[in-house]
Amino acid sequence: MAKNKLGFGAYMSIVAGILAVVACVLYRTVMYRYQPVFYMLIGAAALAVIGLLLAKSVPVLANYIPILMVFLLFSAAVWGTMLMVNQIGYVVAGLDGMDTILSYIMFVGFTVAAGIVALIASFLRVGEKA
């Protein structure tokens, strides 16, 4: 029986999972929150761990994990933006200060960064034959 090893995509997935956890912590400080966004971010982080565990035993299945992470992360960015549209408009119109959406901007930045890292990881091997 051949041993399997972790590919570079596994490490990229873990980085994306860590960024997703940071985005989840940052999302707690956003003015208007939507509860499923927390589940999407934590789900992406959990998928990173699951992919790491599957990479040793079932590398073919583990290679699909970053694709699911990309879906969850970019969905979290979009759904997290849904409730903040009016507040962004207030800032653009000059009715509110930039400090009201600063935590939202940091949340979206980390979420999109995690999504891009997961997207790059989806083109790489998570699990490889040794």
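As a reminder, the structure under discussion sits directly above these lines.
In this numbering scheme, every chain counts its residues from 1 along its sequence in written order. Local features in a predicted model are, by the rule used here, given only for residues with pLDDT of at least 70; side-chain atom pairs are given and counted only at 80 or more, and totals for whole chains, interfaces and linings are based on all residues. Heavy atoms throughout the structure, all of them, feed into the side-chain values; hydrogens and water do not.

Novice: Can you tell me about the overall build of the protein, naming the residues and giving the values?
Specialist: When you go through the protein residue by residue, the secondary structure sums to 6 helices and 2 strands. Reading the helices (α) and strands (β) of the protein from amino to carboxyl end gives β-α-α-α-α-α-α-β. With the principal axes as the frame, the protein shows a C-alpha extent of 65 × 20 × 15 Å. Burial classes: relative accessible area under 20% of the type maximum marks a residue as buried, over 50% as exposed, and values in between as partly exposed (1.4 Å probe, protein chains only). Looking at the protein residue by residue over its 130 residues, the buried ones come to 42%. Across the protein, every contact between residues at least 6 apart in sequence was considered, and the portion connecting residues at least 24 apart equals 79%. Computed by Shrake-Rupley with a 1.4 Å probe, the accessible areas treat only the displayed protein chains as cover when residues are assessed. Surface summary for the protein: the accessible area is close to 7200 Å², and the carbon and sulfur share equals 74%. In this text, helices come from DSSP runs of H or I with a minimum length of four residues, and strands from runs of E with a minimum of two, each type numbered from the N-terminal end. By definition in these notes, contact holds between two residues if any of their heavy atoms fall within 4.5 Å.

Novice: Explain the environment of Ala-114 to me, and be specific about the residues and the numbers.
Specialist: Structurally, Ala-114 is set in helix α6 (residues 102-122). Exposure remark for Ala-114: the relative accessible area of 0% places this residue in the buried category. Sequence separation between Ala-114 and Arg-28 is 86 residues, and the spatial gap between their C-alpha atoms is 17 Å.

Novice: Please give an account of the nonpolar core that cites residues and values.
Specialist: Joining through side-chain atoms within 4.5 Å is the link that ties buried Ala, Val, Leu, Ile, Met, Phe, Trp, Tyr and Cys residues into a set, and such a set is a nonpolar core. Among the nonpolar cores identified, the biggest contains 31 residues, and Leu-41, Met-69, Leu-73 and Phe-107 are the most heavily contacted of them. Going through the elements one at a time, α1 (8-27), α2 (35-57), α4 (65-82) and α6 are the ones with two or more residues in this core. Here this core gets 8 residues from one element, more than from any other, and that element is α1. Setting aside residues no more than four positions away along its own chain, Leu-41 makes contact with Ala-20, Ala-23, Cys-24, Leu-73, Ala-76, Phe-107 and Thr-111.

Novice: Could you give an account of the side chain of Ser-13, with specific residues and numbers?
Specialist: Structurally, the position occupied by Ser-13 is in helix α1. Those residues within four positions of Ser-13 in sequence are excluded, and the remaining contacts are Ala-48, Pro-66, Met-69, Ala-121 and Val-126.

Novice: Report on the packing of aromatic side chains, specifying residues and quantitative values.
Specialist: Pairing of aromatic rings covers Phe, Tyr and Trp, the last through its six-membered ring, and needs centres within 6.5 Å; plane angles under 30 degrees mean stacked, over 60 mean edge-to-face, and all others mean tilted. Applying the stated criterion to the full structure yields 4 aromatic pairs. An aromatic cluster of three or more residues is present, and its members are Tyr-27, Phe-38, Tyr-104 and Phe-107.

Novice: Before we move on, can you summarise the packing of α1 against α2 with the specific residues and values?
Specialist: Axes, fitted as lines to C-alpha atoms, cover a helix only where it is in contact. Angles between the N-to-C directions of the axes lie from 0 to 180 degrees. Orientation of α1 relative to α2, taken along the N-to-C sense of each, is 155 degrees, at an axis distance of 8 Å. With respect to each other, α1 and α2 are oriented roughly antiparallel. The handedness of the crossing between α1 and α2 comes out as left-handed. Residue-level inspection shows Ala-10, Ser-13, Ile-14, Gly-17, Ala-20, Val-21, Ala-23, Cys-24 and Tyr-27 of α1 in contact with α2, the latter providing Val-37, Phe-38, Leu-41, Ile-42, Ala-44, Ala-45, Ala-48 and Leu-52. Here the contact of α1 with α2 is composed, by residue class, of 15 nonpolar, 2 polar and no charged. Here is the rule for angles: anything less than 35 degrees is roughly parallel, anything more than 145 is roughly antiparallel, 65 through 115 is roughly perpendicular, and the remaining ranges are oblique. Throughout, a crossing is termed right-handed when the near helix is turned clockwise from the far one, and left-handed when it is turned anticlockwise from it by less than a right angle. Any residue that is not Ala, Val, Leu, Ile, Met, Phe, Trp, Tyr, Cys, Pro, Asp, Glu, Lys or Arg is counted as polar, Gly included; the first ten are nonpolar and the last four charged.

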